Protein chains: 2
Amino acid sequence: MKKPDKALSDTAIQILDVAERMARQGGYNAFSFRDIAREIGIKSASIHYHFPTKEDLGEALVERYTNRFLDALGAADDAEPIEMLSRYVSIYRAALIEQQLMCLCGMFGAEIAKLPAPVSERTRAFFERNLEWLDTVFKAAGVQDPRKRSGEVIARLEGAMILARAMNDMDLFQRVTGDLPAESLRS
Amino acid sequence: MKKPDKALSDTAIQILDVAERMARQGGYNAFSFRDIAREIGIKSASIHYHFPTKEDLGEALVERYTNRFLDALGAADDAEPIEMLSRYVSIYRAALIEQQLMCLCGMFGAEIAKLPAPVSERTRAFFERNLEWLDTVFKAAGVQDPRKRSGEVIARLEGAMILARAMNDMDLFQRVTGDLPAESLRS
DNA sequence: GATTCCCTATCTACTGATAGGTAGATATAT
DNA sequence: ATATATCTACCTATCAGTAGATAGGGAATC
């Protein structure tokens, strides 16, 4: 029997979906209550019922994104390190290629100096938990300085998303990250 | 005898300086004519005299940033590849550590889907010229698939800036990019 | 030498649009 | 009756952008 902390209403989910897409296209200042409301066919005042302030909405956005991300990753010891790293890369690739969107936390990470504190803290937590997950994988693989490797992996993936989108060349993401799993396990 | 295309007035330079800092902190929507004007002690209407629209200001921002960046890089064959790559990394490091700012084009690259076309085009041109510069270095070093290596270098540096800022841990940038010059020249 | 004209650069005052946010009425369903 | 969810109507602040007045400095003309 599942017992979610708070069950989100359909409307709340719609709001999050639309806001997430807008945020992942243009950043924290690129989604507005009015735009979201217009797209899902309600009034902007109604959004405040579900998310009292924009800060709250931003927090909920990062929270859901982080949970989904970690869910998709699964346990860091589910399989061999090389396979776990391939899975890690494929999640970024899917976001870029299939959704045609930037990573939400990559976007917010770039803007972090101007985000409301609760949002920036959750963004930091996203990266912290990703680093920990990767650390576990690299430790299992017996590499030196796992934290360094973990940072390299995240940096290359976030940077590759930006570069591929800026160059409007999604193949570039594949070229830049294709060998990442094997390379990052080299001693 | 130097003959600059257009000499920028002191005020125009001040506007660009303030706008660049704001943009590199929070993105394209994080600088406003009013904020810039307030900081340099003029009225926002006066900014329109120097830069008619925000789009024009954004373009000028990326243009100046790109020119300065390429100037700092110098010719790609100035020295040995390993030295040129070290120089490349050090320019990013200086921006992050000394200025405490994100790369302007890394920021705009993330937001590229929502930028005015002239700004996004110039942002793309920044990366194109950076890739070309790195290609030249890697070709001189005789590595295979220079474009792939160039993409990896840019991706790792832009991503490392985001990660270090998000984690509020500037040493992380150093750890993630410290070996980059030597590593990227390995066959 | 004084006057006229023009260019640069700024100002005041304004516009219409949009931002996030609030109060309170209303409808629906349990 | 109460809780949920939405609405209308409004607020203040800010956004980019415009029109037109003003001031100062040359340079050319008288």
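Everything quoted here is computed from the prediction, not taken from an experiment. (Residues numbered from 1 in each chain as written. Chains lettered and ligands numbered in written order. Predicted model: local features only at pLDDT ≥ 70, side-chain atom pairs only at ≥ 80, totals over all residues. Heavy atoms only, no water.)

1. Focus on unusual backbone geometry
Under the convention used in this document: What counts as a helix is a DSSP run of H or I of at least four residues, what counts as a strand is a run of E of at least two, and both are numbered from the N terminus. Classification of residues uses two cut-offs on accessible area relative to the type maximum, computed with a 1.4 Å probe and protein chains only: under 20% is buried, over 50% is exposed, and between them is partly exposed.
In this structure, A:Gln100 takes a positive phi of about 60° despite not being glycine. Within the element layout of this structure, A:Gln100 appears in the loop between α5 (81–97) and α6 (104–110). You can call A:Gln100 partly exposed: its relative accessible area is 48%. Residues other than glycine seldom take positive phi values, yet B:Asn168 does so here, at roughly 50°. For B:Asn168, the position within the fold is in the loop between α8 (146–166) and α9 (170–177).

2. Side note on the protein's contact with DNA strand D
Using the following cut-off: For this description, a residue counts as near a given molecule or strand if any of its non-hydrogen atoms is within 4 Å of it. As used in this structure description, the phrase polar contact means that two N or O atoms lie within 3.5 Å; if the pair is within protein, one of them must be able to donate a hydrogen and the other to accept it, and residues adjacent in sequence are counted only when both atoms belong to side chains. Residue polarity follows a fixed list, in which Ala, Val, Leu, Ile, Met, Phe, Trp, Tyr, Cys and Pro are nonpolar, Asp, Glu, Lys and Arg are charged, and the others, Gly among them, are polar.
In the vicinity of DNA strand D there are 16 residues, among which A:Thr11, A:Ser46, A:Tyr49, A:His50 and B:Lys54 approach most closely. Taking A:Thr11, its side chain carries an N or O atom lying 2.8 Å from a phosphate oxygen of DNA strand D. One of the side-chain N or O atoms of B:His48 is found 3.3 Å from a base nitrogen in DNA strand D. For the surface near DNA strand D, a count of residues per class yields 6 nonpolar, 6 polar and 4 charged.

3. Describing the interface of chain A and chain B
This is how it is decided: Contacts: residue pairs with any heavy atoms within 4.5 Å of one another. In this description, buried area is defined as the sum, over both parts, of the accessible area (probe of 1.4 Å) that is lost when the two are combined. The working definition used for a salt bridge is a side-chain nitrogen of Lys or Arg within 4 Å of a carboxyl oxygen of Asp or Glu.
Tallying the contact residues gives 39 residues for chain A and 39 residues for chain B. Summed over both sides, the interface between chain A and chain B buries roughly 3,600 Å², with carbon and sulfur atoms accounting for 64% of that surface. If you sort the residues of chain A by the area they bury against chain B, A:Ile162, A:Met167 and A:Arg175 come out on top, with a joint share of 16%. At the surface where chain A touches chain B, the tally comes to 8 salt bridges. A salt bridge links B:Arg175 to A:Asp145; the shortest N-O distance between them is 2.7 Å.

4. Looking at the pattern of salt bridges
Scanning the entire structure with this criterion turns up 32 salt bridges over all chains. Notably, a salt bridge pairs A:Asp78 with A:Arg87, separated by 3.5 Å at the nearest N-O pair. A:Arg87 sits in the partly exposed class, given a relative accessible area of 25%. Beyond isolated ion pairs, a larger network of salt bridges with shared partners links A:Lys148, A:Glu152, B:Arg156, B:Asp179 and B:Glu183.

5. What to know about the relation of the copies chain A and chain B
Put simply, the rule reads: Here the copies are superposed with least squares, the fitted atoms being C-alpha atoms of residues at a pLDDT of at least 70 in both.
Each copy of the sequence occupies a distinct position, and chain A is placed on chain B by a rotation of 180° and an axial shift of 0.0 Å, giving an RMSD of 0.0 Å. As the rotation angle and translation indicate, the two copies are arranged about a two-fold axis. By residue overlap, the copies meet face to face through one surface: 100% of the interface positions of chain A are interface positions in chain B.

6. Details of the packing of aromatic side chains
Definition in use: For this analysis, a ring pair means two rings from Phe, Tyr or Trp (six-membered ring only for Trp) whose centres lie within 6.5 Å, classed as stacked if their planes differ by under 30 degrees, edge-to-face if by over 60, and tilted for the remaining angles.
Inspection of the entire model under this criterion finds 20 aromatic pairs over all chains. With centroids separated by 6.2 Å and ring planes inclined at 70°, the aromatic side chains of A:Phe69 and A:Tyr88 adopt a geometry described as edge-to-face. Of this pair, A:Phe69 sits in helix α4 (residues 54–73) while A:Tyr88 is found in helix α5, placing the two residues 19 residues apart along the sequence. The two residues A:Phe69 and A:Tyr88 agree in class, both being buried. Relative to B:Tyr92, the ring of B:Tyr88 has its centre 5.2 Å away and its plane inclined at 55°; by these criteria the two rings are tilted. Of this pair, B:Tyr88 and B:Tyr92 are both found in helix α5 (residues 81–97), 4 residues apart, which corresponds to roughly one turn of the helix. Note on B:Tyr92: relative accessible area 1%, which makes it buried.

7. A word on the side chain of A:Ser120
All names here are of chain A. With respect to the secondary-structure elements, Ser120 resides in helix α7 (residues 117–140). In terms of polar contacts, Ser120 uses its side chain to reach the backbone carbonyl oxygen of Ala117, at 3.0 Å. Those residues in contact with Ser120 that lie beyond four places of it in its chain are Ile112 and Leu115.

8. Observations regarding α8(B)
Heads up, the rule is: Any helix carries an expected span of 1.5 Å times its number of residues minus one.
Taking 1.5 Å of rise per residue, 21 residues should cover 30 Å, and α8(B) covers 30 Å from first to last C-alpha, within 8% of that figure. Counting buried positions over the 21 residues of α8(B) gives 20, a clear majority of the element.

9. Describing the protein's contact with DNA strand C
A:Lys54, B:Thr11, B:Lys43, B:Ser46 and B:His50 are the nearest of the 16 residues found near DNA strand C. In the interface set of DNA strand C, defined as its atoms within 4 Å of the protein, sugar plus phosphate atoms amount to 58%. At a separation of 2.7 Å, a phosphate oxygen of DNA strand C approaches a polar backbone atom of A:Lys54. In the model, a phosphate oxygen of DNA strand C is placed 2.8 Å from a nitrogen or oxygen of the B:Thr11 side chain. For the surface near DNA strand C, the leading source of residues is helix α3 (residues 44–50) of chain B, giving 4 residues. Looking at the surface near DNA strand C residue by residue, the class counts come to 6 nonpolar, 6 polar and 4 charged.

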